[in-house]
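Coordinates in review
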Amino acid sequence: MSVTSKRVLVTGGAGFLGSHLCERLLEAGDDVLCVDNYYTGRRSNVAHLMDHPRFEVMRHDVTFPLYVEVDEIYNLACPASPVHYQHDPVQTTKTSVHGAINMLGLAKRLRAKILQASTSEVYGDPVVHPQTESYWGNVNPIGIRSCYDEGKRCAETLFFDYHRQNQVRIKVARIFNTYGPRMHPNDGRVVSNFIMQALSGQPITIYGEGQQTRSFCFVSDQIDGLVRLMATGDDMTGPVNIGNPVEMTILELAEAVIRLTGSRSKLVFEPLPSDDPVQRRPDIGLARRALGWEPKVDLERGLSETIAYFRTLREETTAAKAAQ
């Protein structure tokens, strides 16, 4: 272990982003404590890390206090897809709010740096485009997405109040749509939905006319942004947008997935869900200036890697069923 290694806590560490972050921190020489209650995280995401001498896993729900000794905290614990966060909306809000309070309390006691994985959903259905960090958002506080959107907004409030009142060393990252290997195949997010439907030859479901836009950031770029933000000085609190500024329509994404999978799936159109944002694209000027960060992986390469992951996952699932 190097003298510069840190003890790092990653909440939600067995999730999609969390598992990639744990991997990255171990590669950097840090000791990593992965905390997850496995509500949406999966043991299989971190199974390949279990024998690593600097990796530890703890089953724990962040809505309850945690007593450990660490130097840095990445607070990623919260279901992030509509299917999962709307399943138990009260628990989703508790995870964002109580989880933030508990992790901030821990950071305060330890004088540790803490990073909050916030979200572009704090902007709601934006009337400013692209979205800059100074935009306050357009969020429905009583809709079916509010448990997640307002939970994350409240978490940001708590982070900045702990910083002002208790001098806690905070970092707030606003994460835009991210995709890549280890996404949950049934999380209801557009990339995983389209790929799973295309690989199985099912119709690809598009909500509305498919003209709503998103910007898709590959997971390795996203993790690089988070790590760079954590490494900044105490005067850099954020919030900082971490996302890919290349904007595309959902229809264009569906066509790209069909082409890259070689699928014969047809497109079907369904009504647009309530409060679904019409546009979503980050202004990453601050990330470029303050972090020297911008995404490197283009959609073609990122989708190809993600498709390969889901194809392997389907083959393994099929083989496991056949063996039963």
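Below is a short write-up of the structure. (Residues numbered from 1 in each chain as written. Predicted model: local features only at pLDDT ≥ 70, side-chain atom pairs only at ≥ 80, totals over all residues. Heavy atoms only, no water.)

Turning our eyes to something else, we now look at the environment of E23. Locating E23 in the fold gives a position in helix 1 (residues 16-27). As for E23 and H48, which are separated by 25 residues in sequence, their C-alpha atoms are 9.5 Å apart. Once residues lying within four places of it in the same chain are set aside, the contact partners of E23 are H48, L49 and R182. (Helix = DSSP H or I, 4+ residues; strand = E, 2+ residues; numbered from the N terminus. Contact = heavy atoms within 4.5 Å.)

Of the voids in this model, the second largest pocket is the one considered here, and its volume is about 190 Å³. As for the second largest pocket, its lining consists of V122, Y123, E133, Y135, W136, R153, E156, T157 and R174. Per-class residue counts for the lining of the second largest pocket are 4 nonpolar, 1 polar and 4 charged. (1 Å grid on protein atoms, 1.4 Å probe; cavity = no way out; pocket = protein on both sides within 12 Å on 5 of 7 lines; lining within 4 Å. Points joined across faces, edges and corners; volume = space filled by probe spheres on them. Nonpolar A, V, L, I, M, F, W, Y, C, P; charged D, E, K, R; others polar.)

Let's shift gears to the pattern of salt bridges. A complete count under the given rule lists 17 salt bridges for this structure. Measuring nitrogen to oxygen at the nearest pair gives 3.1 Å for the salt bridge that ties E150 to R153. Pair noted here: E150 and R153 are both in helix 5 (residues 146-166), with a separation of 3 residues, about one helical turn. Under the relative-accessibility criterion, E150 is labelled partly exposed at 25%. Each of R24, D224 and R228 takes part in a single network of salt bridges with overlapping partners. (Salt bridge = Lys/Arg side-chain N within 4 Å of Asp/Glu carboxyl O. Buried < 20%, exposed > 50% of the residue type's maximum accessible area, 1.4 Å probe, protein only.)

Moving on to the packing of aromatic side chains. What the rule picks out here adds up to 4 aromatic pairs. On the numbers, 6.0 Å between centres and 15° between planes, the contact of Y123 with Y135 is stacked. Taken as a pair, Y123 in the loop between strand 5 (113-119) and helix 5 and Y135 in the loop between strand 5 and helix 5 lie far apart in primary sequence, 12 residues in all. One exposure class covers both Y123 and Y135, and it is buried. With a centroid separation of 5.3 Å and 65° between ring planes, the pair formed by Y309 and F310 is classed as edge-to-face. Each member of the pair, Y309 together with F310, is buried. Through successive ring pairs, a cluster of aromatic residues spans Y123, Y135 and F176. A cation sits over an aromatic face here: R43 above Y38, 4.4 Å from the ring centre. (Phe/Tyr/Trp six-rings, centres within 6.5 Å; stacked < 30°, edge-to-face > 60°. Lys NZ or Arg CZ within 6 Å of the ring centre and 35° of its normal.)

Across the sheet, 7 strands lie side by side as 3-2-1-4-5-6-11; this open sheet has parallel pairing. The sheet is open, and its two edges are formed by strand 3 (55-59) and strand 11 (240-242), each paired on a single side. The mean inter-strand angle of the sheet, taken between neighbouring strand axes irrespective of direction, is 20°. Two strands pair when backbone bridges link them, and strand 1 (residues 7-11) and strand 4 (residues 72-75) are joined in this way by 4 bridges, in the parallel orientation. What sits directly across from L9, in strand 4, is I73. Taken strand by strand, helix 5 contacts strand 5 and strand 6 (169-175), and its axis lies near 155° from that of strand 5. (Pairing = 2+ DSSP bridges. Axes fitted to C-alpha atoms, helices over the stretch in contact; angles between N-to-C directions.)

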